[in-house]
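Here is what each chain is made of, one letter per residue.
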Amino acid sequence: MGGVTVERTVRLYLGEHSRAATTHTNLSAVRADGPVLWVAGDETATVERLVADDPAEPREYTGETSFRLADLVPLPGADADEEADIEGLARSGPFLWAIGSHSLRRKQIKAHHAGPKPLKRLGRVEGQDNRQILVRLPIADIDGVPSPVPSMLTEEGPHHAAILSGPDNLRAELADDPHLAPFLAIPGKDNGLDIEGIAVHGERVYLGLRGPVLRGWAIVLELRPYTNPDEPQRLRLRPFEDGRRYRKHVLALGGLGIRDMCPDGDDLLLLAGPSMDLDGPVRLYRWHHAARAAAPQVVRGDQLHRELDLPYGEGDDHAEGIALVGPPEHRRLLVVYDSPAPHRLPDDGAVLADLIKLP
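Along each chain, residues carry numbers from 1 onward, in the same order as the chain's sequence is written. Whole-chain, interface and lining totals are the exception, using all residues; otherwise, since this is a predicted model, local features are given only for residues with pLDDT of at least 70 and side-chain atom pairs are given and counted only at 80 or more. With hydrogens and water set aside, each side-chain value is computed from the structure's full complement of heavy atoms.

Draft legend 1. Quick look at the overall build of the chain. Along its length, the chain carries 3 helices and 28 strands. Relative to its full complement of 359 residues, the chain shows a buried share of 54%. Between two residues, a contact is recorded if the distance between any of their heavy atoms is within 4.5 Å. Restricting to contacts in the chain with at least 6 residues of sequence separation, those with at least 24 account for 58%. Note that His is not counted, nor are the chain ends; the positive residues are Lys and Arg, and the negative ones are Asp and Glu. Charged side chains are reduced to one point each, which is NZ for Lys, CZ for Arg, CG for Asp and CD for Glu. Charged side chains in the chain number 41 positive and 55 negative. The centres of these two groups are separated by 5 Å. We count a stretch as a helix when DSSP gives it H or I for four or more residues in a row; a strand needs E for two or more, and each element gets its number in order from the N terminus. Buried means the residue's accessible area, taken with a 1.4 Å probe over protein chains only, is under 20% of the maximum for its type, while exposed means over 50%, and partly exposed covers the values in between.

Shown next as structure tokens:
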């Protein structure tokens, strides 16, 4: 484990519409993609694209363009703009991937609630269909900038925007899982099912679970999504050798859940934090050779390295997304924060992310 070296902050400028939707204070996912940065907040059903002033040494990202998921894939919710709670973004090959939390939520007690209302609110648990999605978006180069499109034709054939949702969603797949099924009815912030990270390596899609954490073990699900030419807008899950359409890995992250994931060659960088509504600790781990796993893994010891302990605030500054930026010889870890502290919200309308040197 090494100490944190924050080399500098990077300014992210989101537009007026995103700021009105509080995306700038609810950043939940980030992924670097050459000259652009993809970000998402957990209160909308959109993905935002920002452009770097200098991809090699970014100091600010500007020129936000917002993309409605409903314009690209058929969302399952009755209201196409109902929040999708996007908690992770990944970029691989010709595709951008996005994952919803798949979690249930419990109503919060707010400062002005009194009398019987606080307990009534705590007793209310609800789910939203738009949260229970896995989305794959083709990325085309439009005017020199990567952009998601509904479909595109390549040398490999047509690529279509596609979604895993509805009756075949991941929650349905987990309904009889011996480890995870008991947690499906529990809200995410109560150590229930809560997906908060995604990484893609070839045909492998890894999903990091903030919860549940089982006896101190965090969980990563591995999927092999594909599309049927007869239904190119629908993702399906290819079964593994045991017949299940997912594979489970468990990781010794010191009792923490996974808040984000980022591929680094064959390794996976894991942002780890509390599964419950707590401030910290927050750590960065490296899962060595994750992409080579040929069977379910119990990941500990030499397979895991605790790279950094990251800062966190009291009631704010919750590290929520990580991305690698810059050329290979000068890579840095970009960290974005949910509930940013006041010093991260300067008067010019930016929100500040950290650029951190890796060991």
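Picking up where we left off.
Draft legend 2. Representation of the sheet that holds strand β22 (residues 267-273). Here, a strand pair is defined by DSSP locating no fewer than two bridges between the strands. What the 4 strands build is an open sheet, ordered β21-β22-β23-β25; its pairing is antiparallel. The two strands at the open ends of the sheet, each matched to only one other strand, are β21 (257-264) and β25 (304-310). Strand-to-strand twist of the sheet, defined as the mean angle between neighbouring strand axes without regard to direction, takes the value 25°. Note that β22 and strand β23 (residues 282-287) share 5 bridges and pair antiparallel. Across the sheet, residue Leu271 finds its bridge partner in β23, namely Leu284. Interaxial angles span 0 to 180 degrees and are taken between N-to-C directions of axes, which are lines fitted to C-alpha atoms, for helices over the stretch in contact.

Draft legend 3. Up close: the nonpolar core. For this analysis, a nonpolar core means a set of buried residues of the types Ala, Val, Leu, Ile, Met, Phe, Trp, Tyr and Cys, connected via side-chain atoms within 4.5 Å. Core analysis: the largest hydrophobic core is formed by 24 residues, its most contacted members being Trp97, Ile198, Leu207 and Leu221. Ignoring sequence-local partners within four residues, the contact set of Ile198 consists of Arg31, Gly88, Leu89, Ala90, Trp97, Ile99, Leu134, Val205, Tyr206, Leu207, Asp260 and Met261. Ranked by size, the runner-up nonpolar core spans 23 residues in total, among them Val47, Leu72, Val135 and Leu137.

Draft legend 4. Focus on the pattern of salt bridges. What counts as a salt bridge is simple: a side-chain nitrogen of Lys or Arg found within 4 Å of a carboxyl oxygen of Asp or Glu. Going through the model one piece at a time under the given rule, you end up with 34 salt bridges. Residue Arg68 is joined to Asp71 by a salt bridge in which the shortest nitrogen-to-oxygen separation is 2.6 Å. Here Lys189 and Asp194 are joined by a salt bridge, their closest N and O atoms 3.8 Å apart. Its relative accessible area of 1% is what places Asp194 among the buried residues.

Draft legend 5. Quick peek at the packing of aromatic side chains. Working definition: a ring pair exists when centres of Phe, Tyr or Trp rings (six-membered ring for Trp) sit within 6.5 Å. Plane angles under 30 degrees give stacked, over 60 give edge-to-face, the rest tilted. In this structure the tally under the stated criterion is 3 aromatic pairs. Look at Tyr206 and Trp287: their rings are 6.3 Å apart centre to centre, the planes differ by 75°, and that puts the pair in the edge-to-face class. In this pair, Tyr206 sits in strand β16 (residues 204-211) while Trp287 sits in strand β23, placing the two residues 81 residues apart along the sequence. Looking at Trp287, the relative accessible area reads 1%, which means it is buried.

Draft legend 6. Structural view of the pairing of strand β18 (residues 225-228). In this structure, β18 lies alongside strand β19 (residues 231-237), joined through 4 bridges in antiparallel fashion. In the sheet register, Asn228 faces β19, and the bridge partner there is Glu231. Hairpin connection, β18 to β19: the antiparallel pair is bridged by 2 residues.

Draft legend 7. Representation of the sheet that holds strand β17 (residues 217-223) in the model. Taken together, the 5 strands give an open sheet; going across it, the order is β15-β16-β17-β20-β24, and neighbouring strands pair in mixed fashion. Two strands lie at the open edges of the sheet, namely β15 (194-201) and β24 (298-299), each paired on one side alone.

Draft legend 8. Summary view of the side chain of Glu307. Along the chain, Glu307 turns up in strand β25. Assessed through its relative accessible area of 7%, Glu307 is described here as buried. Here His305 takes part through its side chain, which lies 2.7 Å from a polar atom of the side chain of Glu307. In the analysis that follows, any N or O atom pair within 3.5 Å is treated as a polar contact, provided that within protein one partner can donate a hydrogen and the other can accept it, and provided that, for residues neighboring in sequence, both atoms belong to side chains.

Draft legend 9. A look at a nonpolar patch on the surface. There is a patch of nonpolar side chains on the surface, built from Ile109, Leu119 and Leu122 and spanning about 290 Å² of accessible area. Take Leu122: it is sitting in helix α2 (residues 117-122). On the basis of relative accessibility, which here comes to 35%, the residue Leu122 falls in the partly exposed class. Candidates for patches are residues over 30% relative accessible area with no salt bridge; among them, like charges are joined within 9 Å and nonpolar side chains (Val, Leu, Ile, Met, Phe, Trp, Tyr) within 5 Å. In this description, accessible areas are obtained by the Shrake-Rupley approach with a 1.4 Å probe, and a residue is regarded as covered only by the protein chains that are shown.

Draft legend 10. Summary view of the environment of Gln303. Along the chain, the position of Gln303 falls in the loop between β24 and β25. Given a relative accessible area of 26%, Gln303 falls into the partly exposed group. Put simply, Gln303 and Asp267 are 36 residues apart on the chain and 9.8 Å apart in space, counted from C-alpha to C-alpha. Apart from the residues within four sequence positions on either side, Gln303 is in contact with Arg286, Trp287, His288, Gln297 and Val298. Within the local environment of Gln303, its side chain forms a polar contact with the side chain of Gln297, the two groups lying 3.2 Å apart.

Note that all results are geometric; they support no functional claim without further evidence.
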